[in-house]
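Overview (structure and organization)
Okay, here's what each chain looks like letter by letter:
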Amino acid sequence: MPNVALHNIAGENIGEIALSENVFGAEVNQYAVHEVVKAYLANQRQGTQSALTRAEVRGGGIKIYRQKGTGRARHSSNRAPIFTHGGVVFAPKPRDYRLSVNKKVKRIAMNSALTSKVNDNDIIVYDKLDIENPKTKEMVKVLNAMNVGKALIVLSDKDEIVERAARNIPGVKTTLVSTLNVYEILKYNTLILTKDSVAKIEEVYA
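Topic: the overall build of the protein
Scanning the protein from terminus to terminus reveals seven helices and six strands. Computed over its C-alpha atoms, the radius of gyration of the protein comes to 27 Å, more than 25% above the 17 Å expected for a compact globule of 206 residues. Burial analysis of the protein (206 residues in total) assigns 40% to the buried set. When contacts within the protein are restricted to residue pairs at least 6 apart in sequence, long-range pairs at least 24 apart make up 67% of them. On the protein, the mean spot of the 30 positive side-chain charges and the mean spot of the 21 negative ones are 23 Å from each other.

In structure tokens:
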């Protein structure tokens, strides 16, 4: 069972917290992580790109000059792809990029991502983030105490004070346990949790 240091808001070490072996001490499965991240990024794509083929552009419809005797190449329409205002060859059309991943693989990937943060010592657990005022400088003070740069702050429940204090800091994002995903865990250098969010993560993913 992995143990990590427990800190107060001033960055002082006030003890240790035992993490679930099933969630934070699992075997890292790179294949599952890759599949889930690939699906996540694909599902962010709108798929609304569109261009017109030569059959869809306006104009054309009559042979632009006779077949023989002009010394020029044979053409039937001035809307062929080689002409200005012509159609696009293999024009992109709206499509669905969505990929699906089953629940078992998602769970394995999530546990693998959380475990990798523990293995790399890129996880910080606070007793609680009890910031008094929703001021950016308050959150900066908390992060600087632990020498944290690019970080993902995971909250157990919505906390408007913490969210407002962190939203203007470059490279810092807040999220809830209910919306936590593998891509963002790996994207940010440091994962910041509270005792409550650890308990909720273990409840959901154990």
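Here we look at helix α3 (residues 103-119)
In this model, α3 (17 residues) spans 24 Å end to end at C-alpha, consistent with the 24 Å of a helix rising 1.5 Å per residue. Along α3, the positions that sit buried rather than exposed are Ala109, Met110, Asn111, Ser112, Ala113, Leu114, Thr115, Ser116, Lys117 and Val118. Two or three places before Lys104, at the start of α3, stands the capping residue Asn102, its side-chain oxygen 3.1 Å from that residue's backbone nitrogen. Downstream of α3 by a residue or two, Asn121 has a phi angle that is positive, lying close to 55°.

Some details on the side chain of Asn111
Inspection of the secondary structure puts Asn111 in helix α3. Apart from the residues within four sequence positions on either side, Asn111 is in contact with Asn22, Val23, Ala26 and Tyr205.

Parameters at a glance
- Residues numbered from 1 in each chain as written.
- Predicted model: local features only at pLDDT ≥ 70, side-chain atom pairs only at ≥ 80, totals over all residues.
- Heavy atoms only, no water.
- Helix = DSSP H or I, 4+ residues; strand = E, 2+ residues; numbered from the N terminus.
- Rg over C-alpha atoms; globule rule 2.2 N^0.38 Å.
- Buried < 20%, exposed > 50% of the residue type's maximum accessible area, 1.4 Å probe, protein only.
- Contact = heavy atoms within 4.5 Å.
- Lys, Arg positive; Asp, Glu negative; His and termini not counted.
- Charge placed at Lys NZ, Arg CZ, Asp CG, Glu CD.
- Expected span 1.5 Å × (residues − 1).
- Polar contact = N/O pair within 3.5 Å; in protein donor to acceptor, adjacent residues only side chain to side chain.

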